[in-house]
Amino acid sequence: MRIAVAGGTGTVGRHVVAVARERGHNVVSLSRAEGVDLITGHGLAQALQGVDTVIDVSGIQVLSTKKAVDFFTNATQNLLVAEKKAGVTHHVVLSIVGIDKANSGLYAGKLVQEDEVRHGGVPWTILRSTQFHEFVPMSIKAASVGRLVFVPTMLTQPVAANEVAAALVDAAEAGPQGRLPDFGGPRTEHLKGLVAAYLAKTRQKKRIVPLRVPGPMGKAMRSGALIPAPGSAVGRQTFQEWLDAIGAA
C-alpha cells in the first residue's frame, strides 16, 4: 500500500514510518518539516496523491482544553477533506485510553478528533493506547522547577511506542474495523515510581513532589480509569526493560 503518516516525525510516528517501510509499503510522512501543515492544509493535496491509507499520529503538547480542541478539530477536518478528494479509502487514528473519563486538556481534543473521524466520511479505525514509556521523561521536563519535579498521583500502564506503531500498521493492513480493543503495556505502575526510576537511571538529582490533580482528570488518574479494561491488547516491553535499553544504547 501507499501509506501517509500524519505526524511521521514524532515519538510514535517515526516508528510507524519505519515499521511500514520494513513491511514493504510505500510511505510518505506528513509533517511541517516535510512541507505539510495539518492546521492550514498546506501541502496536503499533493502529499496524499495515490495514498490508500492515512495513519494519523499527529499531536500537540498543551494543557489548554481550547488549544487541544482547536488543533484536533482543524487538523482532522483538513485531513479528511483532503483524503476524500484524493480517494483515500482508510483513515487510522491513534487515540488515548480513558479519554471519555477525563474530558479536559489533551483528552478533550482527542474526543473531538474521534468524533470527527467517525463522521468524516472516510472508512476508519481507532486505536486507543496508554501513555508511551517516553511519557515519563517528557513529564519530568514539563513539571520540573529547579531541582523539584511535580509528579501527579497516577496509575498508568506504559507501553512501548514501537509496539503501538506495529499495531497501527496491522490495522492499516487489515482495513477499516471501527474501534479496536484498547492497547496498554504489560504492567500497571505508579507514575511516581517510574519517575524515580528514570531520575536514578539518568543520574538526575531532583526531589519528587507528589501532586494531587483536582477535578475529573485528577480523579481519573488516581482511580485507574486511564488503565485498559480486561480483554484489551497488551504489549510486551515493560518500562524497566525500556529503561535498561536506553542505558545499552
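Residues numbered from 1 in each chain as written. Predicted model: local features only at pLDDT ≥ 70, side-chain atom pairs only at ≥ 80, totals over all residues. Heavy atoms only, no water.

**Student:** I keep staring at the pairing of strand E7 (residues 148-152) and nothing clicks. Help me out?
**Tutor:** Note on strand geometry: in a regular strand, side chains alternate between the two faces of the sheet. In the sheet, strand E6 (residues 144-145) pairs with E7 via two bridges, with the strands oriented antiparallel. Residue Val-145 lies in a different strand from E7, and its bridge partner there is Leu-148. In sequence, E6 turns back onto E7 through a hairpin of two residues, with Gly-146 there showing a positive phi of about 65°. Bridge count for E7 against strand E12 (residues 207-211) is five bridges, and the pairing is parallel. Bridging across to E12, Val-149 finds its partner in Ile-208. (Pairing = 2+ DSSP bridges. Helix = DSSP H or I, 4+ residues; strand = E, 2+ residues; numbered from the N terminus.)

**Student:** How do you make sense of unusual backbone geometry when you look at a structure like this?
**Tutor:** Leaving glycine out, the prevailing phi sign among residues is negative, and the prevailing peptide bond configuration is trans. Within the chain, Arg-203 stands out as a residue other than glycine whose phi angle is a positive 55°. Topologically, Arg-203 is positioned in the loop between helix H7 (191-201) and E12. Take Arg-203: its relative accessible area is 76%, and that puts it in the exposed class. (Buried < 20%, exposed > 50% of the residue type's maximum accessible area, 1.4 Å probe, protein only.)

**Student:** Mind showing me how you'd approach the environment of Leu-79 here?
**Tutor:** Relative to the assigned elements, Leu-79 resides in helix H3 (residues 65-86). A C-alpha to C-alpha distance of 10 Å links Leu-79 and Leu-30, two positions 49 residues apart in sequence. With near-sequence residues (within four places) excluded, Leu-79 lies in contact with Ala-6, Leu-30, Leu-38, Leu-44, Leu-48, Val-54, Asp-56 and His-91. (Contact = heavy atoms within 4.5 Å.)

**Student:** Hey, could you run me through the pairing of strand E4 (residues 90-96) in this one?
**Tutor:** Within E4, seven of the seven residues are buried, leaving the element largely enclosed by the surrounding structure. On E4, burial covers both faces: His-90, Val-92, Leu-94 and Ile-96 on one face and His-91, Val-93 and Ser-95 on the other are all buried. A crossover connection joins E4 to the parallel strand E5 (residues 124-129) through helix H4 (residues 105-118); in handedness this β-α-β unit is right-handed. (Right-handed = clockwise from strand over helix to strand, strands pointing away.)

**Student:** What is the right way to read the nonpolar core from this model?
**Tutor:** The tendency in soluble globular proteins is for nonpolar side chains to be buried as a group. Residues Val-12, Val-16, Ile-55, Val-57, Val-164 and Leu-168 are the most contacted members of the largest nonpolar core, which totals 25 residues. Per-element accounting of this core gives the leading share, eight residues, to helix H6 (residues 161-174). Formed by 23 residues, the second largest nonpolar core is a distinct cluster that contains Val-151, Leu-191, Met-217 and Trp-242. (Core = buried A, V, L, I, M, F, W, Y, C linked by side-chain atoms within 4.5 Å.)

**Student:** Just checking my understanding: could you explain the packing of aromatic side chains for this structure?
**Tutor:** Each aromatic ring pair is characterised by the separation of its centres together with the angle its planes make. A full pass over the atoms with the stated rule returns three aromatic pairs. Relative to Trp-242, the ring of Tyr-198 has its centre 6.4 Å away and its plane inclined at 20°; by these criteria the two rings are stacked. Of the two residues, Tyr-198 sits in helix H7 while Trp-242 sits in helix H9 (residues 239-248), which places them 44 residues apart along the sequence. Exposure remark for Tyr-198: the relative accessible area of 14% places this residue in the buried category. Here Trp-242 falls in the buried class, since its relative accessible area comes to 12%. When the centroid spacing of 5.4 Å and the interplanar angle of 40° are considered together, the rings of Phe-239 and Trp-242 count as tilted. (Phe/Tyr/Trp six-rings, centres within 6.5 Å; stacked < 30°, edge-to-face > 60°.)

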